[in-house]
Amino acid sequence: TLRNAGNTTPYGLWSDGTTMWVVNNSTGDSDKIFAYTLARGTRDADKDINALNGAGNNFPIGLWSDGTTMWVGDDNDDKVYAYTLATGARDIAKEFDLDDDNSTPVGLWSDGTTMWVVNSGTGDSDKIFAYTLATGARDTAKEFDLDDDNSNPVGLWSDGTTLWVSDLATIQIYAYTLNGGARNAGKEIKRSNSGISRGFWSDGIALWFIDSNADLFAHFLDN
């Protein structure tokens, strides 16, 4: 369990295949991104990103990186923050504001060109918003609404074709076609344990996800 490392309220995950970064959504000094060696699960504190609270990123929840910059959402701020992955220094030039309707951003994923941001709210605000990563301009043509069953979305990850979205109210991970947003029930994942999936990341073979018990699990995508 990650709780033993002080990562008591984990949500978003991202990895470069060697290190796994896990964002902690809490208050005070624990508002940070913890780093672990992916193969062994051991802490690698030298790679932590600690500057979140000082940046105003007080409720971090979702994250995605291109290997150079780490973008971090905040579920109490309609903004995507940016940090240099190697040093943890804030990179204001790569940050962007979200649309007023996207005021509760929880999960992020990008293909390097577009950043998709899942919003968890009420009614029609449960949807996937899209922005051009380089400029932060909204790209409504790539947005779509989530299914009514997926009413409390939180984490997301995509292989570039399918977009998976977890839900805080169920143990299911929902699947949608990234281009168009059609639900794809055949690719959905139902958890067998009681922990609710919050955030997840995949190398295309295994899907790692963190649950509400602060435990990290792996699921093979073809199973």
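**Student:** Teacher, can you tell me more about the sheet that holds strand 10 (residues 127–132) here?
**Tutor:** Backbone hydrogen bonds hold the strands of a sheet together, and the pairing may be parallel or antiparallel. If you walk across this open sheet you meet the 4 strands as 8-9-10-11, and the pairing is antiparallel. Where the open sheet ends on each side, the last strands, each with one partner, are strand 8 (105–110) and strand 11 (144–145). Bridge analysis of strand 9 (residues 114–119) against strand 10 gives 6 bridges, and the strand direction is antiparallel. By the bridge assignment, Asn 119 is partnered in strand 10 with Lys 127.

**Student:** Whenever I open this one, the nonpolar core confuses me. Can you help?
**Tutor:** In a soluble, globular protein the nonpolar side chains are often hidden away together inside. With 61 residues, the main nonpolar core has Ile 33, Met 70, Trp 71 and Ile 128 as its most contacted residues. Top element by residues in this core is strand 17 (residues 206–211). It accounts for 5 residues. Ignoring any residue separated from it by four or fewer positions in sequence, one finds Ile 33 in contact with Trp 21, Val 22, Val 23, Asp 48, Ile 49, Leu 52, Leu 63, Met 70 and Val 72.

**Student:** Just checking my understanding: could you explain the pattern of salt bridges for this structure?
**Tutor:** Close approach of charged atoms allows side chains of opposite charge to pair. Under the definition given, this model contains 13 salt bridges. Residues Asp 99 and Arg 138 are paired through a salt bridge, measuring 3.1 Å at the closest nitrogen-oxygen approach. One end of the pair, Asp 99, is in the loop between strand 7 (96–97) and strand 8; the other, Arg 138, is in the loop between strand 10 and strand 11, with 39 residues separating them in the sequence. Accessibility expressed as a relative area gives 33% for Arg 138, which makes it partly exposed. Between Arg 138 and Glu 143 there is a salt bridge whose closest N-O contact spans 2.7 Å.

**Student:** Help me understand empty space enclosed by the protein in this model?
**Tutor:** Unoccupied space between atoms shows up once a probe the size of one water molecule is rolled over them. Counted by the stated rule, this structure contains 1 cavity of 30 Å³ or more. Approximately 110 Å³ is the volume attributed to the largest cavity. Forming the boundary of the largest cavity are 19 residues, of which Gly 12, Leu 13, Leu 63, Gly 155 and Leu 156 lie nearest the centre. If you list the elements that add at least two residues to the lining of the largest cavity, you get strand 1 (10–15), strand 4 (60–65), strand 8, strand 12 (153–158) and strand 16 (197–202). Residues of the lining of the largest cavity, tallied by class, amount to 13 nonpolar, 5 polar and 1 charged.

**Student:** Would you take a moment to explain the sheet that holds strand 4 for this structure?
**Tutor:** The strand order across the open sheet formed by 4 strands is 4-5-6-7, and the pairing between neighbours is antiparallel. Bordering the open sheet on either side are strand 4 and strand 7, each of which pairs with just one other strand. Both strand 4 and strand 5 (residues 69–74) contribute to a ladder of 4 bridges, which runs antiparallel. Opposite Pro 60, over in strand 5, you have Asp 74 as the bridge partner.

**Student:** Looking at this structure, how should I read the environment of Lys 47?
**Tutor:** Summarising the element assignment, Lys 47 is placed in the loop between strand 3 (32–37) and helix 1 (52–55). Residues Lys 47 and Thr 19 lie 28 residues apart in sequence; the distance between their C-alpha atoms is 8.5 Å. In contact with Lys 47, not counting residues within four places along its chain, are Thr 19, Trp 21 and Ala 35. Here the side chain of Lys 47 touches Thr 19 through a polar contact of 3.0 Å, side chain to side chain.

**Student:** Help me understand the side chain of Ser 120, please; the structure alone is not making it clear to me.
**Tutor:** Inspection of the secondary structure puts Ser 120 in the loop between strand 9 and strand 10. For Ser 120, the side chain forms a polar contact with the main-chain oxygen of Pro 153, separated by 3.4 Å. The contacts of Ser 120, once residues within four sequence positions are left out, are Thr 104, Val 106, Asp 126, Asn 152 and Pro 153.

**Student:** When you look at the pairing of strand 5 in this model, what are you seeing that I'm missing?
**Tutor:** Two faces, one strand: in a regular strand the side chains alternate between the faces of the sheet. For strand 5, the buried fraction is high: 6 of the 6 residues fall into the buried class. With burial as the criterion, each face of strand 5 is covered, one bearing Thr 69, Trp 71 and Gly 73 and the other bearing Met 70, Val 72 and Asp 74. Joining the antiparallel neighbours strand 4 and strand 5 is a turn of 3 residues, in which Gly 67 adopts a positive phi near 95 degrees. With 6 bridges connecting them, strand 5 and strand 6 (residues 77–84) associate as antiparallel partners. Looking at the pairing, Met 70 lines up with Tyr 83 of strand 6. Count of turn residues in the strand 5/strand 6 antiparallel hairpin: 2 residues.

Criteria and cut-off values
Throughout, residues of each chain are indexed from 1 in the direction in which the sequence is written. With the structure being a predicted model, the display of local features is reserved for residues of pLDDT at least 70 and the display and counting of side-chain atom pairs for 80 or more, all residues being used for whole-chain, interface and lining totals. As a rule here, side-chain values come from all non-hydrogen atoms in the structure, and water together with hydrogens is ignored. Any two strands are treated as partners once DSSP identifies two or more bridges connecting them. In DSSP terms, a helix is any run of H or I states spanning at least four residues, a strand is any run of E spanning at least two, and both are numbered starting from the N terminus. Among buried residues, those of type Ala, Val, Leu, Ile, Met, Phe, Trp, Tyr and Cys that are joined through side-chain atoms within 4.5 Å constitute a nonpolar core. Only protein chains enter the accessibility calculation, which uses a 1.4 Å probe; a residue whose area is less than 20% of its type maximum is buried, one above 50% is exposed, and one in between is partly exposed. By definition in these notes, contact holds between two residues if any of their heavy atoms fall within 4.5 Å. By convention in these notes, a salt bridge is any Lys or Arg side-chain nitrogen within 4 Å of a carboxyl oxygen on Asp or Glu. As defined here, a cavity is a set of points on a 1 Å grid over the protein atoms alone where a 1.4 Å probe fits but cannot get out. A pocket is an open set with protein on both sides within 12 Å along at least five of seven lines, and residues line them when an atom is within 4 Å of a point. Grid points are joined across faces, edges and corners, and a volume is the space filled by probe spheres set on the points. Under the convention adopted here, Pro, Cys and the residues Ala, Val, Leu, Ile, Met, Phe, Trp and Tyr are nonpolar, Asp, Glu, Lys and Arg are charged, and Gly plus all remaining residues are polar. We define a polar contact as two N or O atoms separated by no more than 3.5 Å, with the added condition that, inside protein, one atom must be a possible hydrogen donor and the other a possible acceptor, whereas residues neighbouring each other in sequence contribute only through side-chain atom pairs.

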